[in-house]
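Per-entry structural report
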Amino acid sequence: MNVAVAKTGNGRAVSDLFASAEGRLPGSPAVIAARREAFETYERLGLPHRRIEEWKYTDLRALVGEVLPLAAAPDAAALKRAADAVKAHAIAGARKLVLVDGVFVADLSDVKALVSEVGLKTLRETLEKDAALLKTVSTDAVIELNAAMATDGVVLSIADGAQLSAPIQIIHVAMAASASAFTRSQLAVGNGARATIIESFVAAGAKAYQVSDAVIVTIGDNADVAHIRLLDDAPDAVNITSQFVTVGANTKVNFFNMTTGAAVSRLQGFITLAGEGSELAINGVNLLKKTEHGDTTLVVDHAVPNCVSREIFRAVIDDRAHSVFQGRIIVRPDAQKTDGKMMTRALLLSDEAEADNKPELEIFADDVSCGHGATAGALDDSLLFYLKARGLPEKQAQALLIQAFVGEAIEQIADDGLREHVIGIAERWLERRS
Amino acid sequence: MALLEVKDLKVRVEEREILHGLTLTVNEGEVHAIMGPNGSGKSTLSHVIAGKPGYEVTDGQILFKGEDLLEMAPEERAAKGVFLAFQYPVEIPGVATMNFLRTALNAQRKARGEDEYSTPDFLKKVREVSKSLNIPQDMLKRGVNVGFSGGEKKRNEVLQMALFEPSLCILDEMDSGLDIDALRIAADGVNALRSPKRAMVVITHYQRLLNYIVPDVVHVMSKGRVVKSGGKELALELEASGYTQFEAA
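Residues numbered from 1 in each chain as written. Chains lettered and ligands numbered in written order. Predicted model: local features only at pLDDT ≥ 70, side-chain atom pairs only at ≥ 80, totals over all residues. Heavy atoms only, no water.

- For chain A, the name recorded in an unreviewed UniProt entry is Fe-S cluster assembly protein SufD, with Bradyrhizobium niftali as its organism.
- Reading the Sequence similarities (unreviewed entry) entry of the UniProt record for chain A gives the comment "Belongs to the iron-sulfur cluster assembly SufBD family." (UniProt positions renumbered as here; feature names shortened; annotations may be inferred.)

Right, here's the structure in full:
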């Protein structure tokens, strides 16, 4: 393959895209300059492909090809349909923040209830003042593209000591067909604060769309944060999300991601443990069918001593679907007494299903306990026969074993209601199989 | 009335024939023991009746209540009333025993067109049976057979037998891996389920089990056939003389 040609091809497509969108992208002149710089970096790199090590298993040039034009801002009719989708996906008791095709919609959000407890701005507002939120440390083309194109997002700040009385649910609703939405959000959690944040990606009739999201999460000391991401995009959609997480000292962080949608998805998380004594859990489940491609790539950076990190990941892969898990644990020279472990298991439900697991440990300290494990296999025939001999039909027997398999990751969700909600998503996915 | 009729059954595993024309009739209310040396085909027979994959029936038939059992999927056989108590019950991590019992029972009832059990009725029944089998309640909250001792696993099989109320119970080497006390508890549980409408086929290598579950008929299997049938005294005879006389035949 001639890389130079492919890059130029992609670059040109984006170049048109950027030029036509530029007038609609919010920000001060300094911000627009930062966007242009990010875009130029993207244009130079092009979409990631399989010869870039981090993207070896998720070749966006082959899987996605080109970036679609920016979605138009939703009109009144679209917002009415979005309201129905929000209602269908809202988690009981949570306070909603809604983005429709990449645009924050206050009317669909619980702004009044939220501002009594948290600081809330939109990305659009923030970019009128400065470009800081567009600047994330990265040489990754999709992150640069997101910085160039981000139209909106939520900028949340949870004050020191705040104990949120209800979870916050950010709902991304896709309405437009054959268009892209670029969002970028910030969640800043203060010292001693306690918060649960849910992010849902859903479609309301949208087809063949692309989502690019970036989330910058900063968590202070002595905090307790749960973050649950539910990706249920349309079966022909693309969702590329990057998370940048910095964790302070003596803090507990519990991340969970569930992917049950999108033709191509990648969640890449860059997590830095920057304060001692913190405990990080990052767990996830991919439920993939047909030709879906779901990638979870995590880089956990133990920058300081005495932190614990745990990653439990489960993939259930049917038909010709493809699940990717890449987990890298970095232990810096000073980060003694680090305890970092990851375990990933893939369940292949068909002969053509594919799982790629790539664990990496980069350890520069000498007094640490780190480990990883990876397995891939089919359902155990002896277990299936036992269940069938007790009266369970094939699909029901499979469903029971699959639930048990993903349960090992789902049970890490501490909140009873949210855990049940996620179990319900898995159950419905399994029902659709049978 | 004949509950189970195995007629001239020939079975292959991969390229090897294990059963060479086995015939066996079990009537309602009867307890049959099948004895025989290792490799005589006892467990193969139990697996073929339950519908385990990997066995090829090349000739003969199995009728259950007059219906062709070999045409049915394993779960259909279970719903019709065939129950195999496994020699080595599998461990299923992550599937709570209670959830498994309820799911299985309701799947069988659904297949028969019956209403699902109500939760209070189900719990009452499980509690009753588990108490009589000396199964502690916390065992039912654990994953199916996970961390169970050999005796607990066998008692869990008997518990299912009592809950599902099958008309044919096949006990495959129930005594393997059990000490005398564990064996007695399991056997008492089985005896409590003897009824004029229910038949049992007890597969065992040793006569010992038959002191606890006393059979009406004893069959001796050798080289894939039933070579001799008789009353319960046949088991004692075997204990004294061994299987050699049949193996020579």
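1. Looking at the packing of helix H6 (residues 150–164) of chain B against helix H7 (residues 180–192) of chain B
Residues and elements named next belong to chain B.
- Between H6 and H7, the least distance of the axes is 10 Å, while the angle of their chain directions is 0°. In terms of their interaxial angle, H6 and H7 are classed as roughly parallel. Residue-level inspection shows Gly151, Arg155 and Val158 of H6 in contact with H7, the latter providing Ala182, Ile185, Ala186, Gly189 and Val190.
- In terms of residue class, the contact of H6 with H7 is built from 5 nonpolar, 2 polar and 1 charged. (Axes fitted to C-alpha atoms, helices over the stretch in contact; angles between N-to-C directions. Helix = DSSP H or I, 4+ residues; strand = E, 2+ residues; numbered from the N terminus. Parallel < 35°, antiparallel > 145°, perpendicular 65-115°, else oblique. Contact = heavy atoms within 4.5 Å. Nonpolar A, V, L, I, M, F, W, Y, C, P; charged D, E, K, R; others polar.)

2. Describing the side chain of Lys358 of chain A
- Positionally, Lys358 of chain A belongs in strand E18 (residues 354–363).
- Apart from the residues lying within four places of it in its own chain, the contact partners of Lys358 of chain A are Glu53, Tyr57, Phe325, Gln326 and Gly327 of chain A.

3. Side note on the pairing of strand E11 (residues 217–222) of chain B
Residues and elements named next belong to chain B.
- For E11, the buried fraction is high: 6 of the 6 residues fall into the buried class.
- As paired strands, E11 and strand E12 (residues 225–230) are joined by 5 bridges and run antiparallel to one another. If you follow Val220 over to E12, its bridge partner there is Lys228.
- Hairpin connection between E11 and E12: a loop of 2 residues separates the two successive antiparallel strands, and Lys223 in this loop has a positive phi of roughly 45°. (Buried < 20%, exposed > 50% of the residue type's maximum accessible area, 1.4 Å probe, protein only. Pairing = 2+ DSSP bridges.)

4. Structural notes on the UniProt feature "domain: SUF system FeS cluster assembly SufBD N-terminal" (unreviewed entry) in chain A
- If you check UniProt for "domain: SUF system FeS cluster assembly SufBD N-terminal" (unreviewed entry), the listed places come out as residues 28–170 of chain A in our numbering.
- As a span, residues 28–170 of chain A carries 38% helix and 14% strand, and end to end its C-alpha atoms are 26 Å apart.

5. Some points on H7 of chain B
- Here H7 of chain B spans 18 Å end to end across 13 residues, near enough to the 18 Å set by a 1.5 Å rise per residue.
- Close packing links the buried residues of H7 of chain B with H6, strand E9 (168–172), strand E10 (199–204) and helix H8 (209–212) of chain B. (Expected span 1.5 Å × (residues − 1).)

6. Quick notes on empty space enclosed by the protein
Residue and element names in this part refer to chain A.
- Per the stated rule, a full pass over the model turns up 6 cavities of 30 Å³ or more.
- Among the secondary structure elements, those contributing two or more residues to the lining of the largest cavity are helix H7 (141–149), strand E6 (180–189), strand E8 (210–219) and strand E10 (238–247).
- By residue number, the principal contributor to the lining of the largest cavity is E8, which donates 3 residues.
- Across the lining of the largest cavity, the residue classes tally to 10 nonpolar, 3 polar and no charged. (1 Å grid on protein atoms, 1.4 Å probe; cavity = no way out; pocket = protein on both sides within 12 Å on 5 of 7 lines; lining within 4 Å. Points joined across faces, edges and corners; volume = space filled by probe spheres on them.)

7. Some words on the interface of chain A and chain B
- Between chain A and chain B, the contact holds 16 residues from the first and 29 residues from the second.
- In total, about 1800 Å² of surface goes out of reach between chain A and chain B, with carbon and sulfur atoms giving 73% of it.
- Contact with chain B buries surface across chain A, with Phe385, Tyr386 and Arg390 of chain A losing the most and accounting together for 45% of the total.
- The tally of links from chain A across to chain B stands at 1 salt bridge.
- Here Glu157 of chain B ties to Arg390 of chain A by a salt bridge, and the two come within 2.7 Å at their closest N and O atoms.
- Linking chain A with chain B are 7 residue pairs in polar contact (both at pLDDT 80 or more).
- For the side of chain A that touches chain B, the secondary-structure elements that each account for two or more residues are helix H8 (381–389) and helix H9 (394–410) of chain A.
- In terms of residues, the side of chain A that touches chain B owes the most to one element, H8 of chain A, which gives 7 residues. (Buried area = accessible area lost by both parts, 1.4 Å probe. Salt bridge = Lys/Arg side-chain N within 4 Å of Asp/Glu carboxyl O. Polar contact = N/O pair within 3.5 Å; in protein donor to acceptor, adjacent residues only side chain to side chain.)

8. A few points about the environment of Arg16 of chain B
- Looking at where Arg16 of chain B falls in the secondary structure, it is placed in strand E2 (residues 16–27).
- Spatially, the C-alpha atom of Arg16 of chain B lies 9.9 Å from that of Glu56 of chain B, the residues being 40 residues apart in sequence.

9. Some thoughts on the sheet that holds strand E9 (residues 224–232) of chain A
Residue and element names in this part refer to chain A.
- With respect to topology, 10 strands assemble into an open sheet ordered E2-E1-E5-E7-E9-E11-E13-E15-E17-E19, the strand pairing being mixed. For this open sheet the edge positions go to strand E2 (103–104) and strand E19 (369–377), each flanked by a neighbour on one side alone.
- Pairing of strand E13 (residues 279–288) with strand E15 (residues 308–317) involves 10 bridges; the strand directions are parallel. Paired with Val285 across the bridge in E15 is Arg314.
- Packing of helix H4 (residues 76–89) onto the sheet brings it into contact with strand E1 (95–100), strand E5 (168–174), strand E7 (194–203) and E9, and relative to E5 it is tilted by some 135°.

10. Topic: the layout of surface pockets
- When its volume is computed, the largest pocket comes out at roughly 820 Å³.
- Looking at the lining of the largest pocket, the elements with two or more residues in it are helix H1 (3–21), H7, E10, strand E12 (264–273), strand E14 (293–302), strand E16 (322–331) and E18 of chain A.
- In terms of residue class, the lining of the largest pocket is made up of 17 nonpolar, 12 polar and 11 charged.
- By volume, the second largest pocket is sized at about 350 Å³.
- Going through the elements one at a time, H9 and helix H10 (416–433) of chain A together with strand E7 (92–96) of chain B are the ones with two or more residues in the lining of the second largest pocket.
- With 7 residues, the single largest contributor to the lining of the second largest pocket is H9 of chain A.

11. Here we look at the pattern of salt bridges
- Taken as a whole and judged by the stated rule, the model has 31 salt bridges over all chains.
- Glu114 of chain B is paired through a salt bridge with Arg112 of chain B; the nearest N and O atoms lie 3.1 Å apart.
- For Glu114 of chain B, a relative accessible area of 35% corresponds to the partly exposed category.
- Linked through salt bridges whose partners overlap, the residues forming this network are Arg310, Asp339 and Lys341 of chain A.

12. Observations concerning the packing of aromatic side chains
- The tally for this structure, following the rule as stated, stands at 7 aromatic pairs over all chains.
- Pairwise contacts between aromatic rings join Phe385 and Tyr386 of chain A together with Phe86 and Phe100 of chain B into one cluster. (Phe/Tyr/Trp six-rings, centres within 6.5 Å; stacked < 30°, edge-to-face > 60°.)

13. Details of the sheet that holds strand E3 (residues 31–35) of chain B
Residues and elements named next belong to chain B.
- Here 6 strands make up an open sheet; going across it, the order is E6-E9-E10-E3-E11-E12 and the pairing mixed. The outermost strands of the open sheet, each flanked by one partner alone, are strand E6 (82–85) and E12. Neighbouring strand axes in the sheet, compared pairwise and without regard to direction, differ in orientation by 20° on average.
- The pairing of E9 with E10 spans 5 bridges and is classified as parallel. Paired with Leu171 across the strands is Val202, a residue of E10.
- Against the sheet, helix H1 (residues 42–50) contacts E3, E6, E9, E10 and E11, and its axis sits at roughly 145° relative to E9.

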